[in-house]
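Secondary and tertiary structure notes
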Amino acid sequence: MTTSTSPETAPLVPSFGEAESGRKLAIICSKGNLDMAYPGLILANAALGEGMETHLFFTFWGFDMINKKTMGDLKFTMLGNTATHMPQGLGGLPGMTAMATHQMKKSIADLGVPEVPEFLQQIVDSGGHLWACRMSADMQHLEKDDLYDEVEAIISASEFIEKTDGAQLLFI
Amino acid sequence: MPTTTISGHEIHVDDEGFMTVYDEWDETLGAALAAQIGIEMTDEHWKAIRFLRSDFPAQGETATLRRVSTVGGIPTKQLFTMFPQKPAKKMAYVAGLPKPRGCV
């Protein structure tokens, strides 16, 4: 904005950035725990809302987020997670993982945040791209049909790096 | 608080230009705000904006994209088509509301 123009001739209008800023985000999702699935999904959703081209690459345990058999049933465990500030021994008791998972799912739902499959759909509807890792698919003997329908393809790590040329990258 | 004039309406805005007084808005002004950011309003655009306007007083904050789609009933894809690139912020601007502060 120039300093010499009066408010009448130059109304204050927010800048929504360039139509094609070229800003790009690549997120590598490598974890299959419920609590580690959300950071990538939330950041992808936020980036898309800011008009960024966004790609998610699911690898190793992150495959659980797009495997039709597991994606709706990710779990949260207290074991090995000192951030729950509970005695670690408690986490090993029968039923504790189920209870912790239930509690976490409820807290997430209470905030109006969707479960993993629905969240992935929202990301795709917002223009996000989902890719599955070739090596993880081979290790787990999974084919494209075993994966969430909106996954675009099973690709190699180098193909993902090619696709995300110039992107900012997050490894989760 | 700064003021600015859009199509002859003098309005209170924040530093970025988002309106700060709910009752200063009407649909004529909404159309003028939309024009400022290159959006031509259709019935479908108004459906989203009217949802935001009616949702705000009860919730005390601007609906997020997810809320507009799940509660307002307008699919996410369509919101990105109607308000390209940054739909949540653009809708808030046209509706004369603050930017949404929810994460999802």
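Just so we're clear, the structure is a prediction, and the values are computed from it rather than from any experiment. (Residues numbered from 1 in each chain as written. Chains lettered and ligands numbered in written order. Predicted model: local features only at pLDDT ≥ 70, side-chain atom pairs only at ≥ 80, totals over all residues. Heavy atoms only, no water.)

**Some words on the packing of helix α1 (residues 34–49) of chain A against helix α3 (residues 96–110) of chain A**
Two quantities define a packed helix pair, namely the angle between the helix axes and the distance between the axes. All names here are of chain A. One can describe the packing of α1 onto α3 by two numbers: an axis separation of 11 Å at closest approach and a directional angle of 25°. Relative to α3, α1 is oriented roughly parallel. For the pair α1 and α3, the contacting residues are Leu-34, Asp-35 and Tyr-38 in the first and Thr-101, Met-104, Lys-105 and Ile-108 in the second. Looking at the contact of α1 with α3 residue by residue, the classes come out as four nonpolar, one polar and two charged. (Axes fitted to C-alpha atoms, helices over the stretch in contact; angles between N-to-C directions. Helix = DSSP H or I, 4+ residues; strand = E, 2+ residues; numbered from the N terminus. Parallel < 35°, antiparallel > 145°, perpendicular 65-115°, else oblique. Contact = heavy atoms within 4.5 Å. Nonpolar A, V, L, I, M, F, W, Y, C, P; charged D, E, K, R; others polar.)

**Some remarks on the pattern of salt bridges**
Per the counting criterion, the structure on display carries 14 salt bridges over all chains. In this structure, Asp149(A) engages Lys68(A) in a salt bridge whose closest nitrogen and oxygen atoms are separated by 3.1 Å. Of this pair, Asp149(A) sits in the loop between α5 (134–139) and β4 (153–155) while Lys68(A) sits in the loop between β2 (53–58) and α2 (88–91), and the two are 81 residues apart along the sequence. For Glu61(B), the salt bridge identified is with Arg101(B), shortest N-O distance 3.4 Å. Note that Glu61(B) is positioned in the loop between α2 (43–59) and α3 (65–70) and Arg101(B) in the segment after α5 (87–94), a separation of 40 residues in sequence. Residue class for Arg101(B) comes out exposed when judged on its relative accessible area of 67%. (Salt bridge = Lys/Arg side-chain N within 4 Å of Asp/Glu carboxyl O. Buried < 20%, exposed > 50% of the residue type's maximum accessible area, 1.4 Å probe, protein only.)

**Considerations on helix α1 (residues 27–36) of chain B**
Residues and elements named next belong to chain B. Buried within α1 we find Leu-29, Gly-30, Ala-32, Leu-33 and Ala-34. Summarising the contacts, the buried residues of α1 are in contact with β1 (3–6), β2 (9–12), α2 and α5. Structurally, the start of α1 carries an N-cap: the backbone nitrogen of Thr-28 is 3.1 Å from a side-chain oxygen of Asp-26. (Polar contact = N/O pair within 3.5 Å; in protein donor to acceptor, adjacent residues only side chain to side chain.)

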